[in-house]
Amino acid sequence: MSLDQQPIVSRNPSPAAPPAPGADAVLVARDLSVWYGSTQALRGVSIAIPRNRITALIGPSGCGKSTLLRCFNRMNDLIPGFRMEGQLGFDGDPVAGPEVDPVTLRRRVGMVFQKPNPFPKTVYHNVAWGARINGYTGDLDELVERSLRRAALWDEVKDKLNRSGLDLSGGQQQRLCIARTLAVEPEVILMDEPCSALDPISTARVEDLMEDLKAEYTIVIVTHNMQQARRVSDMTACLMLDEARGNGHRPGVLAEFSPTDVLFTTPKDPRTEAYITGRIG
Amino acid sequence: MTQSPQTTPISPEPPPRRSWAGRSRLQSAQEFVVPPLIFVCALITVLTTVGIVFVLGLETVRFFRVAGIGLFEFLGGATLNPKADPPRYGILPLLWGTFVIAFGSSLIALPIGLLSAIFLSEYAPRGLRAVLKPALELLAGIPTIVYGYLALLLVTPVLKAVLEPAIRVEFYNALSACIVVGVMIIPMVSSLSEDVLSAVPRGLREAAYGLGATKFEVATRVVLPAGLSGVLASFLLAISRAVGETMAVLLAAGVKPQIVLNPLRSVETMTAYIVNVMKGEAAVGSAEHLSLYAVGMALFAITLAMNIVSGIILKHFREEYE
Amino acid sequence: MSRASDALYRPRRGLRRALGAGFAGLCLAATLSGVVVLVVLLGAVLVKALALPPNPPWFAVGEQLRELAAFLSRIASSTNSPNPELAGFKAGIIGSLWLLLLVALIAIPVGVGAGLYLEEYAPAGRLRRAIQTNIANLAGVPSIVYGILGLVVFSRAFGFQALALGKMLWAGALTLSLLVLPIVVIATQEALRAVPPSLRQAALALGATRWQVIRDHVLPSALPGILTGTILALSRAIGETAPLLMVGAANSILFPPSGPSDYYTALPVEIYNFATLPREEFRSVAAGGILILLGILLSMNAVAIFLRTPTGQRAASRAIAQLGRLGWSGRRAGRSRTGLASAVVVPGPGASGPDSEVAQPTDQGGAES
């Protein structure tokens, strides 16, 4: 199941993944299927995530949004019984396969989780830890400050760098997690419902932050909030539950992938339309 | 999950009353008898503690009266010899012996137990873990007399064979006791620490993996620090178990109350002293016999303090990750 | 494309990978040390047990096994003797079985009752917290301290001759019962906590009283868990030596106890005595005793572990159902007005059988509305 001779060329998208205008693809999935044990979570997903854009993954619960997201930095490897077929590429290199080192990959494809999960360490060490284990040779203090500034958190925590990360508010914790991800200088940031545990004000701050980060990073965000997808994303992929198979379980499939304004105003797929108008989901 | 009343048709007339006779007498008797009955059961556990404190306290006071010594003389005395004239009741040699065994066995059990806990919680695949966990419990269930016997049969002879040419190894020696007690509490350390490490939230592990950490780094630099307080609590519990251990130390370390640094010589622990007095022919009510209660009181106080501290640490640990 | 700042990172993957592999190996070795200990322990004891003549060559496995079987059956059927050729554990084995029986009869009802009180009846508050903390601390009290308690309270009855049990088997049984009580309570509580609240709510919603809910639904589905914990507690009791030395289990008992008011000794106490005798041959007798003790413990633990597996839980609930049909608790349950009894007593398809069968109607009710 490794990627064979033909390299994944970013400007060669599969039918379901039209190229975004003016951008090349960073992350590519082709005919991706995923199983957890005997249940299939994803079936035949092909998508090309454009560089320096915010791509939103939406769809009803259980349709495999997070599964797809976690394929891109191989976090699924940690789940017993996980198995995948198909091709996955990052910057033209394969993502899956025994020859790929997931540890190196994960530094370049960072991740922010649904629930803020700062380490039970100080604010400073939360940010510095990832850089340190990855052998950062530059000035750590400067890196911590830069990362916290980019995460729009510096002004709030500059006087409490030695306080525990757990002492911050929920919204601050999530921005701390973003700063922590920025500190290892990834190229892509995967965000798995980053605002679902936050209040509206903190959500707005994180959304503003994503807009700022877009210039330097490619962002993929899973959200169950369609308003949020509309607000922040350039591209939107809508995943759907496939029609039931023999055992009654329904894997997720990609229904539609278009620029966000197109998808929300003139959806091509009837299932997408049903979902965004609230008839399913 | 409310049931809507409309879906169940209401019958026009209520069912005849006699088919809904009240509870039988036996049943209502149960309603009244059971709660007080099981309250008494719960009370028995409290009475056990009260009984321990009361018995030990009472007899300890009697000991101080009969032996005619003060608390300071007991706690600070470096000689223990009830047969001497006048008899000497210093507990320090017993505390020393207990400390040597607890310390030595910790040196063996804590690192090995912790490493094995890390293996079980971080490395072992689910199937292997399902086999190893019960196996550990099985190992923890081996009676301590078996370990004591093993010290006599195997550990001491091997120590003698290896070290004897260079240094004299006494038949009863502290090192042998440290080894068997250490081996004995490994399963306890690893089982308790594993519970703690598994309770560290998955989110922390994922966050670290997401930053490009290896399994080694996640285990030693995220999971272990996060679970450190709980691991320390489990250490404390295991050490308190070593302090309270009787049969293995009785058989391996002997009953010679002395303060010596050389682990190849015999020492006596508090527990061994208690059994030894009981087996001796000291008359009931004599100072020598009563001294076992004073030593028992000290043992109880030490282990209780360790258990309480460990309980408090564990409680805080659980609250942190609720 | 990669970032310019990438040059600042030196991930040193080779070193980290080697470090990780080394550490994993170390952890594995630490875990396997337990297995090694077990093998060494059993091996040493076996060799010692076979040290008495006749000594067939080590490779004659069949002959060795026959010798072992003959040896074990001899020491199991003969009582203590100054002659190692004749000495055995009959008095100790029967004493230990008596202790086991009495401890089960005392500690299980009291422990399950206390667990029930704490989980189901005790109002949340200071009293409950105090009892709970007390039980946790009791579980960590050294066994020798229980021995001292038993010595004063049971053997001497604080000096009241009329009540003193002296060196009777009762004294040992009561002492061991107190010793394992916290284990039974904690196991009961854990098993009760694992019973899903939906089961309680479903039964309460049908108008059952609190005790009816517990008797007909909560206890039956918690019973496998309680049994597991209880068996582990009993296997702790059967291996304890130190407290029995305090409450009069004597080494020089030649005849098995005829009842709980007789003098007694116990298997581990006899092992201790044989192990400390100067003659080397008695060590072999002690080794044989250890094999018998470990055999008893292993079979008890095997039952406990089996009861914890899904298959074991199913078997246990089926057995409980059978007992119910024989008219034990189920006869009452069959007539009880809660109406849920049949659903609970009949084992479900999975380990959570009772839950799923009871929960379903409620779920459907919710869906309809």
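Conventions used here
- Residues numbered from 1 in each chain as written.
- Chains lettered and ligands numbered in written order.
- Predicted model: local features only at pLDDT ≥ 70, side-chain atom pairs only at ≥ 80, totals over all residues.
- Heavy atoms only, no water.
- Helix = DSSP H or I, 4+ residues; strand = E, 2+ residues; numbered from the N terminus.
- Buried < 20%, exposed > 50% of the residue type's maximum accessible area, 1.4 Å probe, protein only.
- Areas by Shrake-Rupley, 256 points an atom, 1.4 Å probe, with all protein chains shown as cover.
- pLDDT = per-residue confidence, 0-100.
- Contact = heavy atoms within 4.5 Å.
- Phe/Tyr/Trp six-rings, centres within 6.5 Å; stacked < 30°, edge-to-face > 60°.
- Lys NZ or Arg CZ within 6 Å of the ring centre and 35° of its normal.
- Pairing = 2+ DSSP bridges.
- Right-handed = clockwise from strand over helix to strand, strands pointing away.
- Expected span 1.5 Å × (residues − 1).
- Arc of directions from axis to C-beta.
- Buried area = accessible area lost by both parts, 1.4 Å probe.
- Salt bridge = Lys/Arg side-chain N within 4 Å of Asp/Glu carboxyl O.
- Polar contact = N/O pair within 3.5 Å; in protein donor to acceptor, adjacent residues only side chain to side chain.
- Core = buried A, V, L, I, M, F, W, Y, C linked by side-chain atoms within 4.5 Å.

## Here's the deal with the overall build of chain A
(1) Moving on: Helix and strand content of chain A: 10 helices and 10 strands.
(2) Moving on: The proportion of buried residues among the 281 residues of chain A is 60%.
(3) Moving on: Summed over all atoms, the accessible surface of chain A reaches about 11,000 Å², with 49% contributed by carbon and sulfur.

## Concerning the confidence of the model for chain A
Regions with low pLDDT carry predicted coordinates that are not meant to be interpreted in detail.
(1) Moving on: Overall, the predicted model of chain A reaches an average pLDDT of 86, with 89% of residues at or above 70.
(2) Moving on: Across residues 1-22 of chain A, where pLDDT falls below 50, the model places 37 contacts with residues more than four positions away in sequence or in other chains.

## Considerations on the packing of aromatic side chains
(1) Moving on: Counting across every chain of the model gives 17 aromatic pairs over all chains.
(2) Moving on: Ring centres of F63 of chain B and F64 of chain B lie 5.3 Å apart, and the angle between their planes is 55°; on these two criteria the pair is classed as tilted.
(3) Moving on: The class for F63 of chain B is buried, based on a relative accessible area of 0%.
(4) Moving on: By relative accessible area, F64 of chain B is classed as buried at 18%.
(5) Moving on: Aromatic side chains W96 of chain B and F99 of chain B sit 5.9 Å apart centroid to centroid with 35° between the ring planes, which places their arrangement in the tilted category. Of this pair, W96 of chain B and F99 of chain B both sit in helix α3 (residues 92-123), three residues apart, roughly one helical turn.
(6) Moving on: Judged by relative accessible area, which is 46%, F99 of chain B ranks as partly exposed.
(7) Moving on: Each member of the aromatic cluster is reached from another via a ring pair, and the members are F63, F64, F74 and Y89 of chain B.
(8) Moving on: Stacked on the ring of W35 of chain A, the Lys or Arg R83 of chain A has its end atom at 4.4 Å from the ring centre.

## With respect to the environment of D212 of chain A
Residues and elements named next belong to chain A.
(1) Moving on: Secondary-structure assignment places D212 in helix α7 (residues 200-213).
(2) Moving on: The class of D212 is exposed, set by a relative accessible area of 58%.
(3) Moving on: Between the alpha carbons of D212 and L176 there is a distance of 16 Å; along the sequence they are 36 residues apart.

## So, the pairing of strand β3 (residues 54-58) of chain A
If a strand is regular, its side chains alternate between the two faces of the sheet.
Residues and elements named next belong to chain A.
(1) Moving on: For β3, the tally of buried residues reaches five of five residues, placing the bulk of the element in the interior.
(2) Moving on: With four bridges joining them, β3 and strand β9 (residues 235-241) adopt parallel strand pairing. Residue pairing in the sheet places I58 in a bridge with C238 of β9.

## Focus on the pairing of strand β7 (residues 188-192) of chain A
Residues and elements named next belong to chain A.
(1) Moving on: Of all five residues making up β7, five are buried, and the element is well covered by its neighbours.
(2) Moving on: Of the pairings in the sheet, the one linking strand β6 (residues 109-112) to β7 comprises four bridges and is parallel in character. Residue pairing across strands places M111 opposite L190, the latter belonging to β7.
(3) Moving on: Of the pairings in the sheet, the one linking β7 to strand β8 (residues 218-222) comprises five bridges and is parallel in character. Opposite I189, over in β8, you have I219 as the bridge partner.
(4) Moving on: Traced from β7 through α7 to β8, the parallel crossover comes out right-handed.

## Side note on α7 of chain A
Residue and element names in this part refer to chain A.
(1) Moving on: The end-to-end C-alpha distance of α7 is 20 Å, a good match for the 20 Å that 14 residues give at a rise of 1.5 Å each.
(2) Moving on: Within α7 the residues assigned to the buried category are S202, T203, V206, E207, L209, M210 and L213. The buried residues of α7 occupy one face: seen down the axis, they fall within an arc of 160°. Counted as exposed and oriented over 90 degrees from the buried face of α7: P200, I201, D208 and D212.
(3) Moving on: On its buried face, α7 sits against β3, α4 (140-150), α6 (170-182), β7, β8 and α8 (226-232).

## Structural notes on the confidence of the model for chain B
(1) Moving on: Here chain B averages 88 in pLDDT, while 92% of its residues score no lower than 70.
(2) Moving on: For this predicted complex, the interface score ipTM comes out at 0.88, alongside a pTM of 0.82.

## Description of the interface of chain C and chain A
(1) Moving on: Across the contact, 12 residues belong to chain C and 22 residues belong to chain A.
(2) Moving on: Taking both sides of the interface into account, the surface hidden between chain C and chain A amounts to around 1,500 Å²; carbon and sulfur atoms contribute 43%.
(3) Moving on: Where chain C touches chain A, the interface holds two salt bridges.
(4) Moving on: R17 of chain C is the partner of D101 of chain A in a salt bridge, and the nearest nitrogen-oxygen pair spans 3.4 Å.
(5) Moving on: Linking chain C to chain A there are six residue pairs in polar contact (both at pLDDT 80 or more).

## Brief notes about the nonpolar core
(1) Moving on: Residues L32 and I47 of chain A are the most contacted members of the largest nonpolar core, which totals 242 residues.
(2) Moving on: One finds L182, A183, V206 and I276 of chain A within the second-largest nonpolar core, a separate group that totals 48 residues.

## A closer look at the interface of chain B and chain C
(1) Moving on: Contacts between chain B and chain C engage 81 residues on the former and 83 residues on the latter.
(2) Moving on: Taken together, both faces of the contact between chain B and chain C bury some 7,100 Å²; the carbon and sulfur share is 75%.
(3) Moving on: If you look at where chain B meets chain C, you find one salt bridge.
(4) Moving on: Across the pair E217 of chain B and R16 of chain C runs a salt bridge whose closest N-O atoms are separated by 2.6 Å.
(5) Moving on: Across the chain B-chain C interface, the total number found is 11 residue pairs in polar contact (both at pLDDT 80 or more).
(6) Moving on: Counting residues per element, the side of chain B that touches chain C draws most heavily on helix α1 (residues 25-67) of chain B, at 21 residues.

## Section: the side chain of E120 of chain C
All names here are of chain C.
(1) Moving on: Position of E120 relative to the elements: it lies in helix α3 (residues 90-121).
(2) Moving on: Judged by relative accessible area, E120 falls into the buried class, the value being 13%.
(3) Moving on: There is a polar contact of 2.6 Å between the side chain of E120 and the side chain of R200.
(4) Moving on: Apart from the residues lying within four places of it in its own chain, the contact partners of E120 are L192, R200, R210, I214 and V218.

## Thoughts on unusual backbone geometry
(1) Moving on: Cis geometry is adopted by the peptide bond preceding P86 of chain B, which originates at D85 of chain B and carries an omega value of -5°.
(2) Moving on: Within the fold, P86 of chain B resides in the loop between β1 (80-81) and β2 (88-89).
(3) Moving on: Phi is positive for A152 of chain A, which is not a glycine, with a value near 55°.
(4) Moving on: Here A152 of chain A shows up in the loop between α4 and α5 (154-157).
(5) Moving on: Of the residues examined, A152 of chain A reaches a relative accessible area of 36% and is grouped as partly exposed.

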